[in-house]
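Overview (structure and organization)
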Amino acid sequence: MERAFEFEIGRRVRVVQQIPRLSGTMTTRVEGVVASFGQSKTGSWFAHSKDKKLWLDRVEIVKDDGERVVCNLDQYTSVEAIGSSAGERPSPVRS
């Protein structure tokens, strides 16, 4: 899994998460503006890691209606920039 992030706070992105299941893949999409991103620890205990906690890559998105959504980033998640400014073509920032 890629660890380098190219997110910018204030950038509009689309997060697509896929969950594999026996009956097919479930897909969710969230669009909004990046409010924060980075690694944060969970309440789960995990030996031999910082603070003995499980750390996850996360991005917090603010949707158009003001709802805040925190997405855990894993190998089934892709994030792409949308609505680029100055006529630039949107480019994937993480996959």
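In short, a report on the structure.

Rules used in this analysis
The residue numbering used here restarts from 1 in each chain and proceeds along that chain's sequence as written. Side-chain atom pairs in this predicted model are given and counted only at pLDDT of 80 or more, local residue features only at pLDDT of at least 70, and totals for whole chains, interfaces and linings cover all residues. The side-chain quantities take in all heavy atoms of the structure and omit both hydrogens and water. Every case where a carboxyl oxygen of Asp or Glu lies within 4 Å of a side-chain nitrogen of Lys or Arg is listed as a salt bridge. Summary of the burial criterion: residues with accessible area below 20% of their type's maximum are buried, those above 50% are exposed, and those between are partly exposed, where the area comes from a 1.4 Å probe applied to protein chains only. Comment: elements are numbered from the N terminus, with helices defined as DSSP H or I runs of at least four residues and strands as E runs of at least two. Strands are treated as partners if at least two bridges between them are detected by DSSP. Each nonpolar core is a collection of buried residues, namely Ala, Val, Leu, Ile, Met, Phe, Trp, Tyr and Cys, held together in the definition by side-chain atoms within 4.5 Å.

1. Side note on the pattern of salt bridges
- Under the defined criterion, the tally for this structure stands at seven salt bridges.
- With its nearest N and O atoms 4.0 Å apart, the salt bridge here joins E8 to R11.
- Judged by its relative accessible area of 22%, R11 is partly exposed.
- The salt bridge involving E31 is made with R12; its shortest N-O contact spans 4.0 Å. Here E31, found in strand β2 (residues 26–45), pairs with R12, found in strand β1 (residues 12–19); they are 19 residues apart in sequence, far enough to count as distant.
- Judged by its relative accessible area of 33%, E31 falls in the partly exposed class.
- By relative accessible area, which is 24% here, R12 ends up partly exposed.

2. Overview of the pairing of strand β4 (residues 68–73)
- Only one face of β4 is covered, namely the one carrying V69, C71 and L73; the face carrying R68, V70 and N72 has none of its residues buried.
- Of the strand pairs in this sheet, strand β3 (residues 53–62) and β4 are connected by six bridges, and their pairing is antiparallel. By the bridge assignment, E60 is partnered in β4 with V70.
- Counting the residues between successive antiparallel strands, the hairpin from β3 to β4 contains five residues, one of them, G66, with a positive phi of roughly 95°.

3. As for the nonpolar core
- By size, the foremost hydrophobic cluster in this structure holds eleven residues: F7, V13, V15, V30, V34, V59, I61, V69, C71, L73 and V79.
- At the level of elements, β1, β2, β3 and β4 are the ones that each hand at least two residues to this core.
- It is β4 that contributes the most residues to this core, three residues altogether.

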